[in-house]
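One-letter residues, chain by chain:
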Amino acid sequence: QVRLMESGGGIVQPGGSLRLSCEVSDDINNIVVMGWYRQTPGTKRELIATSTRSGTVNYADSVKGRFTASRDTSSNTLFLQMNNLTPQDTAVYYCNDIHKVVNDRASWGQGTQVTVSS
């Protein structure tokens, strides 16, 4: 079972930045597509960014132009650089293997809380 550990969240003012990390316990190249998700209380997890092992990255409209996903294969870590944060970005952020999520076989980490507030 691949384990995922998200970190890097915190409290930031509107317009600020944070860099999230997702450490993967397996070779990240074994995962075809990784995704960054976020969730607020009472809502479903929202897929906000995808990163393929071939280097293709895509973003939800809500974060496009502000968030950048990347991966470091040497450390098996996925990153999410978040700039120009707004209160609407407040959520718990998770990463996961998209194929497992789609097939309802995903095991979730604890996530990392991002709070954007003045």
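A brief structural summary. Predicted, not measured: the structure shown is a model, and the values here were computed from it. Positions within a chain are numbered from 1, following the residues in the order the chain's sequence is written. Residue-level local features of this predicted model are given only where pLDDT is at least 70; pairs of side-chain atoms are given and counted only at 80 or more, and the full residue set underlies all totals for whole chains, interfaces and linings. Working from all heavy atoms in the structure, the side-chain values ignore hydrogens and water.

## Describing the environment of Leu18
Now for step 1: Going along the chain from the N terminus, every DSSP run of H or I of four or more residues is numbered as a helix, and every run of E of two or more is numbered as a strand. By the element assignment, Leu18 lies in strand β3 (residues 18-24).
Now for step 2: Here the term buried applies to any residue with accessible area under 20% of the maximum for its type, exposed to any over 50%, and partly exposed to those in between, with areas from a 1.4 Å probe on protein chains only. In this structure Leu18 comes out as buried when scored by relative accessible area, which is 16%.
Now for step 3: The contact rule is simple, with two residues in contact once any of their heavy atoms fall within 4.5 Å. Discounting residues that sit within four places of it in the chain, Leu18 has contacts with Gly8, Gly9, Gly10, Val12, Leu80, Gln81, Met82, Leu85 and Val114.

## Quick word on the sheet that holds strand β1 (residues 4-7)
Now for step 1: Strand order across the open sheet formed by four strands is β1-β3-β8-β7, with antiparallel pairing between neighbours. Strands at the two margins of the open sheet, each flanked by one partner only, are β1 and β7 (67-72). Adjacent strand axes in the sheet meet at a mean angle of 15° when their direction is disregarded.
Now for step 2: Two strands pair under a simple rule: DSSP has to find at least two bridges between them. Where β1 meets β3, four bridges bridge the pair, whose relative direction is antiparallel. Paired with Ser7 across the bridge in β3 is Ser21. Fitted lines through C-alpha atoms give the axes, limited to the stretch in contact for helices. The angle between two N-to-C directions lies from 0 to 180 degrees.

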